[in-house]
Amino acid sequence: MQDQIRISCSRQNLQQVRDFVRSFLLAAHRSELLVNQVVLAVDEVVANFIIHANGEDANQFLDLLLVLADHHLDIEIEDHGSTIFLPLGKVANPDLRAYIQQGRKGGMGMALVSRIMDQVEFFERNSHTVCHLRKTLAS
Amino acid sequence: MKVTAQPADTTLTLLLDGELDASSAVVLDTELNKPELLHYKRVLIDCQKLSYISSAGLGVFISHLQRLQDAKVKMVFFNMQEKVFNVFEILGLDSLMTIVTTEQEAQTA
């Protein structure tokens, strides 16, 4: 089972991305908690690509591919912009007490992604950034 | 995302309705940034109709928490859906923020 979607780099499209992932996984009869976690992981990566890699340039676009097999879900998000964006390793374990004291808003997204998904990779392909996420599923 | 403010004596309740993401977080940020918020003793966040939260939404709460604490204003979350609470849990924010089950508990937490 697989499906794909292309969106332009506007944060207004995050709702469309979430609806797409949600519908795909609910059709596969996955639990609401799992569905929400995967939706969140995808939302965080896509928001990073839209805001930080593409500066919300609606002329740029992302491709999102979902592939569901028996025991795992693979997600590929390809950024067609020209900036190579490799955010991993920045904030794996954010100090949230410090964030609260500093009144800091950002820096938690990739920590969420890495805690939800079993595999998170960012790599370069044909001068574009690709993010691959994998979640192992109970059968 | 819709935020409805319900003031009552020393308590302000904010009812959140919808999905709180990088696109809609500004709506909540504007509400929490209002100076009059600091005149209340409690700011209660009713999450019954909050169906989704991303790090951008969490970040809005985190960014205002210290300011509220410094002004002796207690921020309490209640009526939170399991899937939303789970997002707080994943980061360990459930132990840094006050989250209770009912509005009655929120009034005394």
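Quick caveat: nothing in here was measured; it's all calculated off a predicted structure.

Enquirer: Would you take a moment to explain the overall build of chain A for this structure?
Expert: When its secondary structure is counted, chain A shows 4 helices and 5 strands. Secondary structure elements of chain A, listed N to C terminal, follow the sequence β-α-α-β-β-α-α-β-β. Relative to the compact-globule value of 14 Å for 139 residues, chain A shows a C-alpha radius of gyration of 15 Å, a close match. With respect to the three principal axes, the spread of C-alpha positions in chain A is 40 × 35 × 25 Å. Counting the 139 residues in chain A, one finds 35% classified as buried. For chain A, restricting intrachain contacts to residue pairs at least 6 apart in sequence, the fraction spanning at least 24 positions comes to 64%.

Enquirer: How should I be thinking about the sheet that holds strand β4 (residues 119-125) of chain A in this particular structure?
Expert: Hydrogen bonds along the backbone pair up the strands of a sheet, which may run parallel or antiparallel. Residues and elements named next belong to chain A. The sheet built from 5 strands is open, its strands ordered β1-β2-β3-β5-β4 with antiparallel pairing. Edge positions in the open sheet fall to β1 (2-8) and β4, since each of these has one partner strand only. The average angle at which neighbouring strand axes cross in this sheet is 15°, direction not considered. Here β1 pairs with strand β2 (residues 61-68) via 7 bridges, running antiparallel. Looking at the pairing, Ser8 lines up with Phe61 of β2.

Enquirer: What is the right way to look at the nonpolar core in this model?
Expert: Note on soluble globular proteins: their nonpolar side chains tend to be buried together. All names here are of chain A. With 65 residues, the main nonpolar core has Ala41, Val42 and Val46 as its most contacted residues. The element contributing the most residues to this core is helix α2 (residues 32-53), with 11 residues. Here Val42 is in contact with Val17, Val21 and Ile75, once residues within four sequence places are set aside.

Reading the values: the criteria
- Residues numbered from 1 in each chain as written.
- Chains lettered and ligands numbered in written order.
- Predicted model: local features only at pLDDT ≥ 70, side-chain atom pairs only at ≥ 80, totals over all residues.
- Helix = DSSP H or I, 4+ residues; strand = E, 2+ residues; numbered from the N terminus.
- Rg over C-alpha atoms; globule rule 2.2 N^0.38 Å.
- Buried ≥ 20, exposed ≤ 12 C-beta atoms within 10 Å, placed from the backbone.
- Contact = placed C-beta atoms within 7 Å.
- Pairing = 2+ DSSP bridges.
- Axes fitted to C-alpha atoms, helices over the stretch in contact; angles between N-to-C directions.
- Core = buried A, V, L, I, M, F, W, Y, C linked by C-beta atoms within 7 Å.

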